[in-house]
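Analysis of the macromolecular model
Here are the chains, one letter per residue:
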Amino acid sequence: MSTPETPEEPRSADDGTPAEGAQVSEAEAELTAQRLERERIERRKAERQGPIEAGAKLSGTAAELLAAVRAVESGEKPPATVSEEVRPAPRRPAPEPVRRAPVVPEGPAAPAEGTLGEVREVLTRGGAPAALAVPAAAALGEDAAGVLREDPWQLLRVPGVRPEQADGFARALLGGEAGPGDGRRGRAVTVWLLEQAAPAGHTVLEMAALTEALGRQGVPEPEDAVRDAIAEGDVLVFQDALGEAGEDGEQPVRVLVGLERCALAEESLADGLARLVNAVPEQDGTAEEWERAAAAAGGSAGDLIRAAARHGLVLHTGGEAALAEPAALLDAAHGMGLRVWAATHSPVGRERFAARVDGPGVATVAGLLSGAEGPGRDAEGALAVDLLVVLDAPQLDVEAAALLTESLPDGARLVLSGDPAVLWSVGPGRVFADLLAVRACPQIASRRPDPGPLGELVSGIGVGELLQVEAPGKEVVVVPVRDAGEAVHRTVQLVVDSVPRAIGVPAEETQVITPGHGGAVGTRALNAALKERLNPGPGRFAGFDPGDRVAYSPAPGRTLPGRVLGADGEGLRLECAGEQVVVPRDRVEQSVRHGWALTAHQAVGCRWPAAVVVLPGDAVPALSRPWVYTAFSRADRHLSVVHGVDQALPRAVAEVPAKPRTTRLPALLAPQLPAGAE
């Protein structure tokens, strides 16, 4: 397995994805929902009895780690070595549903000023910025100052802090006692590496990958560091069976290490999915009504309706044109009197899909979970739905997906719909891809292709071919460039002049997409150039002026395109998807950036009449088939490609798949499926 990758959208202030959003009620509600779900998951895990059972006879590191986790469960320190016989996990029935009370938005209490004063004093003494006091108190609790004095490397739990910075802080506090072999450093770096792996999509890391990464961070005894982290309860260890047992009866396993929040969310998700797979949907309507609706829809839309009539969980795959099929399902179910809702990744996607249905409600996933949108919850805390269709399903990480499945009432149906070729979530897991691989439920592949030259181009990319398509209406235009300066110049020219004049799409409806934020042709450089031409101004409020296009990130992994309305004493006022939000002054730098140019991850879930995709020469390492597919498929009518990567583009489309992610969902789900399921 590969070592932890840096995601395209790192969760840092520099990348505009804050821990808290400026639309306070929405962000707090979402964070509270996640916190309550994690607490419920932890209670369920604590209630389970018996030892962990898994794969085979272990030896060496694997055996020691298994002994470590069992020792932790018993409250003891792990032994130095152990070798135990372990058995395959038995097949178990779908779990009984657990209901949560309706989520009440409740923001975290601000740290007391006295606590902050003590933290500032410790940070200053260690040479760290006093501005870290608030996030340090939030991460480490009321005794943050004492924690940092006792273990300076706990500074790594503060978002944005790197090991070399924590090392300097530790040397300032501990003097000669601070060294690379300090056990406290090894444990803290272990947790830090797993935290970095989560936004890159990993819910766990294989032991070999983790110890290799620890070695690169200067930890002299990586396996001891992992063992200590397990013993202290900082991380969890698992073993998953690999294939069938050999002739000697031994079954190969892989040893995995993960953060508790990711591991428990993935376990809860597997339980919730198994409940849906094993359940028989409520007999709402009659078989004849479902069949009449399916026959009227015809094609793959009819197939989707028939599958949803008989199964609690259904997967649906397809591109933009295929959205007509879940729309047909929702309309049919609504016509039978069912409570039906759809959920999208972004507000832009919500508005686009709402235009396709007549009657069913459409919300965003975040709004549905927080209670800000959607049908509300019943007395048991379940969503008041009989059928929920989640669009943009590849964007679900394990934590959001766990919240969704656990929120569904008994007898409800869940349809996950999306384009499997787009970039995966900015967050742990690959839920949709794992479910497609496990084949635990019906999968309906749309037979409805996206039309025209753009549809032909994107379809080819999806199967690894960069086609030369005929574009008589200038639907696709390639603009070669030689260097970064020319790339910026031609991009601005396309947005400001060429696309409006030749295609008829105004600048405000044209979106620029580029691989990263930094560099000579990243979002920062392009946004500066586009602002100068389209909305010049002094940047009266933290660099922004009324009329500026912006990208607002109320929570990690979510970007809302919008526009600046103005600013006042409360903060920066934005309009995002028809709704007004206020970003407090102290959150603007973290959560808002200019939005004429976005990365492909920021653009997922949205489409524009025209898109200009910029591929400068230094973009080659970032290119992959999913990246190109996602970027090129954001355009409805016109796509311009500012092309400076020569043969690297067709090579990326043909040869560079999605970066691998290490997850446990298939292994957790398989034992709970009905006999005979793949």
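Since we're looking at a predicted model, the values are computed, not measured.

1. Looking at helix α4 (residues 133-140)
Restricting attention to buried positions, one finds in α4 the residues A133, A136, A137 and L140. Along the axis of α4, the buried residues cluster in a sector spanning 100 degrees; they form a single face. Two residues or fewer past α4, G141 is found with a positive phi of approximately 90 degrees.

2. Some points on the sheet that holds strand β16 (residues 592-594)
Here five strands make up an open sheet; going across it, the order is β15-β14-β13-β12-β16 and the pairing antiparallel. With partners counted over all chains shown, the strands left at the sheet margins are β15 (579-584) and β16, one partner each. Strand-to-strand twist across the sheet, computed as the mean angle between neighbouring axes with direction ignored, equals 40 degrees.

3. Comments concerning helix α8 (residues 207-216)
Those residues of α8 not exposed but buried are M207, A209, L210, T211, A213 and L214. Looking one or two residues past α8, G218 carries a phi angle of roughly 80 degrees, positive in sign.

4. A look at the sheet that holds strand β2 (residues 236-241)
Spatially, three strands are ordered β1-β3-β2 in an open sheet, and the strand pairing comes out antiparallel. A strand with exactly one partner marks an edge of an open sheet, and here the two such strands are β1 (205-206) and β2. One ladder, built from two bridges, connects β1 with strand β3 (residues 253-258); its direction is antiparallel. Opposite E206, over in β3, you have L256 as the bridge partner.

5. Quick look at the packing of α8 against helix α9 (residues 222-231)
Axis separation between α8 and α9 bottoms out at 8 Å; the angle between their running directions is 115 degrees. The orientation of α8 relative to α9 falls into the category roughly perpendicular. For the crossing formed where α8 meets α9, the hand is right-handed. Taking contact as the criterion, the partners of M207, L210, T211, L214 and G215 in α8 are, on α9, P222, E223, A225 and V226. Residue composition of the contact of α8 with α9, grouped by class: six nonpolar, two polar and one charged.

6. A word on the confidence of the model for the protein
Confidence along the protein averages 85 in pLDDT terms, with 82% of residues attaining 70 or more. Note that residues 1-27 has pLDDT below 50 and, in this model, 84 contacts with residues that lie over four places away or in other chains. Segment residues 47-62 is flagged for pLDDT under 50; beyond a separation of four residues in sequence, or across chains, it makes 39 contacts in the model.

7. Quick notes on the pairing of strand β5 (residues 340-344)
Each regular strand carries side chains that alternate between the two faces of the sheet. Counting buried residues along β5, five of its five residues qualify, which places the element largely inside the surrounding structure. Side-chain alternation along β5 places V340, A342 and T344 on one buried face and W341 and A343 on a second face that is also buried. Note on the crossover from β5 through helix α14 (residues 347-354) to strand β6 (residues 361-364): the handedness is right-handed.

8. Comments concerning the nonpolar core
By size, the foremost hydrophobic cluster in this structure holds 48 residues, and its most contacted members are V119, L123, L148, L155, F169, L214 and V257. Broken down by secondary-structure element, the contributors of at least two residues to this core are α3 (113-125), α4, α5 (144-150), α6 (163-174), α7 (183-197), α8, α9 and β3. The biggest single contributor to this core is α7, with seven residues. If sequence neighbours within four positions are ignored, L148 has contacts with V119, V122, L123, L140, Q154, L155, F169 and L173. Listed in part, the 42 residues of the second largest apolar core include V365, L404, A440 and L669.

Calculation criteria
- Residues numbered from 1 in each chain as written.
- Predicted model: local features only at pLDDT ≥ 70, side-chain atom pairs only at ≥ 80, totals over all residues.
- Heavy atoms only, no water.
- Buried < 20%, exposed > 50% of the residue type's maximum accessible area, 1.4 Å probe, protein only.
- Helix = DSSP H or I, 4+ residues; strand = E, 2+ residues; numbered from the N terminus.
- Arc of directions from axis to C-beta.
- Pairing = 2+ DSSP bridges.
- Axes fitted to C-alpha atoms, helices over the stretch in contact; angles between N-to-C directions.
- Parallel < 35°, antiparallel > 145°, perpendicular 65-115°, else oblique.
- Left-handed = near helix turned anticlockwise from the far one by under 90°.
- Contact = heavy atoms within 4.5 Å.
- Nonpolar A, V, L, I, M, F, W, Y, C, P; charged D, E, K, R; others polar.
- pLDDT = per-residue confidence, 0-100.
- Right-handed = clockwise from strand over helix to strand, strands pointing away.
- Core = buried A, V, L, I, M, F, W, Y, C linked by side-chain atoms within 4.5 Å.

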